[in-house]
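Reading the structure
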Amino acid sequence: MMTTELKRTGLAGVEELYQRRGQRARELSEQGAKVIGYFCCYVPVEFFTALEMLPYRIQGGVNEPITEADAYLETIMCPFIRSAFDLALKNRYDFLDGLVVPHTCDTVQRIYDIWKYYRKPAYSHFINVPHMLQPSSYEFFKQELLTFRKSLEEFAGRKMTDEALTKAVRLHNENRALVRQLYDLRKPDPPLTSGVEILKTMVTGMGLPVLEYNELLRSVIREIRERGGGPGKKPARILIYGSVIDDISFIQLIEDSGANVVMDDLSTGLRGFWHDVEPTPDPLDGIVNRYLDKIYCPRTYRPQAETQEKDLDNRFGYVYKSAADFQVNGVILYVIRFCDTYELDAPDFKSYFQKKGFPVLYLEDDYSAGTLGQLKTRVQAFIEMIA
Amino acid sequence: MAFLKGSGDVEENNLSREVLVMSEKPAEKTTSTKATETVKKVRAIVRGLYQNAREAKEKGQFTAYTMTACQYEEILNAMDIVPVWTENYAGLTAAKRDAERFVLKAEAEGYSNVICGYVRVGLGFDALRKEMGKTPENAPDGGMVMPDLLLGCGSACDPRFKWYQALGRYMNVPTYSFDVIWPPVDADLDEVRNYYIRYQREQLQGLVDFLERQTKKKLSHDRLWEAISRSNATWRKWWEVDQLRKAIPSPMPTEDHYNAMVPGFYCCGTQLAVDFYEELYNEVKQRVDNNIGVVPEEKYRLLFGGGLPPWHTMWIFNYFETLGAVFVMENAYRIYDPVEVPSHVKDPLDYLAWRTFLRWTQRYDMAKKRSGIATVERLLEYIEDYRIDGVVTHATKSCRATTVGQIDWLHRLNEYTNIPSMQLISDIIDVRDYSEAQWKAQIDAFVEAVEAHKRRTAR
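The residue numbering used here restarts from 1 in each chain and proceeds along that chain's sequence as written. Think of it this way: whatever chain is written first is A, whatever ligand is written first is 1, and the rest follow in order. Where local features are concerned, this predicted model is filtered to residues with pLDDT of at least 70; where side-chain atom pairs are given and counted, the filter is 80 or more; whole-chain, interface and lining totals use all residues. Side-chain descriptors were evaluated using all non-hydrogen atoms of the structure, hydrogens and water having been removed beforehand.

Details of the interface of chain B and chain A
Across the boundary between the two partners, chain B contributes 61 residues, which contact 52 residues of chain A. Put simply, buried area is how much 1.4 Å-probe accessible surface two parts lose in total, over both of them, once they are put together. Of the roughly 4800 Å² buried between chain B and chain A, counting both surfaces, carbon and sulfur atoms make up 52%. A pairing counts as a salt bridge when a side-chain nitrogen of Lys or Arg comes within 4 Å of a carboxyl oxygen of Asp or Glu. Taken together, the links from chain B to chain A amount to five salt bridges. A salt bridge links B:R400 to A:D340, with the nearest nitrogen and oxygen atoms 2.7 Å apart. Runs of H or I in DSSP of at least four residues are treated as helices and runs of E of at least two as strands, each being numbered from the N terminus. Broken down by secondary-structure element, the contributors of at least two residues to the side of chain B that touches chain A are α6 (117-132), α7 (159-166), β4 (175-178), α8 (189-215), α16 (400-403) and α17 (406-416) of chain B. The dominant element in the side of chain B that touches chain A, judged by the number of residues it contributes, is α8(B), at eight residues. Across the side of chain B that touches chain A, the residue classes break down as 30 nonpolar, 17 polar and 14 charged. Here, two residues are considered to be in contact whenever any of their heavy atoms come within 4.5 Å of each other. In this count, Pro and Cys sit with the nonpolar residues alongside Ala, Val, Leu, Ile, Met, Phe, Trp and Tyr, while Asp, Glu, Lys and Arg are called charged and the others, Gly among them, polar.

Here it is in structure tokens:
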């Protein structure tokens, strides 16, 4: 396993790493580690850990105007992907040795060929993730992961043993448990920590070896518990549901408007941490089940239930449960424009929560700090309404 | 821009082509004028699709909402399930400039205005039907029948399974979605072929199991083979028509293709489709033999390089023709060429799985050696075979699947050819995203660039 000493601890460490994104990955790269960039939460990060590589979840930059990507990418597509590619064109990801892209949605699929062609990473691999959850889908996904495993082994120049993979599963499960512990610190009212602190920690973790991330999480949880206080009681407790939020500005906006963000189901938030990989005799089986079935992104089709009510429960019931557990009194549905799967779910999601008694604010955003002003008025009005 | 009102109808293609080319377009006309006589029969075929579905429903036959290229056409045919092609219906409403009420209804229901135009029409149609308790008033071609089944798939784009899931708001109809999946270009096909085909076969088997449960009828493999045989004959003859289109002058333009595609996609597996392409082949052959072109003087040969066509304004192809530019070939609703499934494949579902894999991995070998993208290879092939002078793509605001990557394709094309290219922007359905003045200015400038390029290369 990649063992490195952690120099940054607690919330100060988080702050430093959040402000200097990619810094730790650069340091490790300079020390000879292979750093592999990936999109979304469907890439089994355990594989990289088992081969002592560093998985780096690729982020965009809401504060950085898109200036280079326009020459390669259409404007009618996911602005997060455009932003991430823009950063790549500006050499902000020059520390990446490779790129792994899962087929999560149409746009992510397309960026694979484009990134590969114009950035020419030393290693690249595309994983087809079934949209369906039929029995044959699991078998297919297992085969896809075997192909990925073989390809990554070739790049690493050594085999990934089942023993190393099992150990990686254990470490990442520990990581997931720690993230859930961190999230639980917002259950009390007032919460012990803010949505901003949580997001900074989550973003920071996207570029750390799992051992370091686990150590950092322990130090952050300890510090928050010991310091007491926190963001203080506010009139509203908010849950955010959506895809990518990898900058604090929007969360900050909500928390400056009289609410505490106490829970999320975001692709960059808890989405990838709800469920552990179950230990299985063949560690790959647990990985297949967890990555295919236990990540509730709208890009996965959940087979139709006998009634619409049950169907919606299948798709959104887990979010409702956490909204109830965390005693939220308002839900923000945050959708990045041109994200077809979320946009097609939005009316269902909204009416589902409204029927359950939760006010919902549906925001379609351009993934740009420049558009925050437009959102501010709506967020403030919403919080005033529910407070 | 507000919705433009018009009374365009795809039947309005009986106007004298020369009159249209020589004069200004009629103020209200939005559909294209066709060159071949055979494709003028398509309008009646389309009307028949919706009429047949209504009659089938009355007789107690199963009807299903369906999508193109899900690879299940022959299965439906063999099981007497009458398809209602929802994407086609959306295109029809756009061609008739009657999409507005459906699109606005979907948006009023909370669906974003950047969601696929086809989907917005479909959701709006069904939302209105639910609200009114009947088919929306004067719906084009009598409207889509209330289906007994919804059959989505993951082929080509995400909305193709999300749309029918969303329809749960408006109807309680048994729904089945399945994967149609293919490997990336850089995959080692020898390594992945077996498990991709196995998965495709199992996905199709899952569909068959679902249909058998719903209809309480068993799929006859003999009937499935018969449907496959007819559909292969259809696609083979269609491909032969397109080989004829290499002729100079072009005997059949792209606007004709967008009518001619109807039997291939929406009547696949039927004798009607086989007969249609036979007739089209004979007509196009006759035009080639007699040097009959699309316009009196064909100056420039263009390739419609991708993106779905602007169904709301198909006459734009005729506008190019007024400048002497003819679209002689296209890369949309032209998904695959005929493929040879190995003879050892004896089971019809195995055959469909194999065929799917082979269709989607066409040109992978070339792409690996050259551009890295199978679509770019297809375009390069067409540019050479069809003697293309310029490439035009259509970026459609609401379609990620056919739009994202177009700029990249054009970049890569530039590495291997120096012919001019242009990207037009609007939508498949939503005319609010279309600016006629802007398009005309862009087209005029592009045709000048094509002319300049031809002059330069002729020296």
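Structural notes on the packing of aromatic side chains
All names here are of chain A. Any two rings among Phe, Tyr and Trp, with Trp reduced to its six-membered ring, count as a pair given centres within 6.5 Å; such a pair is stacked if its planes are under 30 degrees apart, edge-to-face if over 60, and tilted if neither. Inspection of every chain in the model, using the stated rule, returns 65 aromatic pairs over all chains. A centroid spacing of 6.3 Å and a plane angle of 25° characterise the contact between Y38 and F48, whose relative ring orientation is stacked. Of this pair, Y38 sits in strand β1 (residues 35-38) while F48 sits in helix α3 (residues 45-50), and the two are 10 residues apart along the sequence. Take Y38: its relative accessible area is 10%, and that puts it in the buried class. Given a relative accessible area of 0%, F48 falls into the buried group. Over the aromatic face of F155 sits the side chain of K34, whose NZ or CZ is 5.2 Å from the ring centroid. The ring of Y296 is capped by R302, whose NZ or CZ atom sits 3.7 Å from the centre of that ring. The buried label applies to any residue whose accessible area, calculated with a 1.4 Å probe on protein chains only, is under 20% of its type's maximum; exposed applies above 50%, and partly exposed to all values in between. Here, over-ring charges are defined by two tests on the NZ atom of lysine or the CZ atom of arginine: distance to the ring centre within 6 Å, and angle to the ring normal within 35 degrees.

Here we look at the state of the cysteines
Cysteine sulfur atoms that come within 2.5 Å of each other are treated as a disulfide pair. As enumerated under the stated definition, the model contains one disulfide over all chains in all. In this model A:C105 remains outside any disulfide bridge; the closest cysteine sulfur is found in A:C40, 6.0 Å from its own. On the basis of relative accessible area, A:C105 is assigned to the buried category, the value being 19%. The thiol sulfur of B:C267 is not disulfide-bonded, and the nearest other cysteine sulfur, from B:C268, lies at 8.9 Å. By relative accessible area, B:C267 is classed as buried at 8%.

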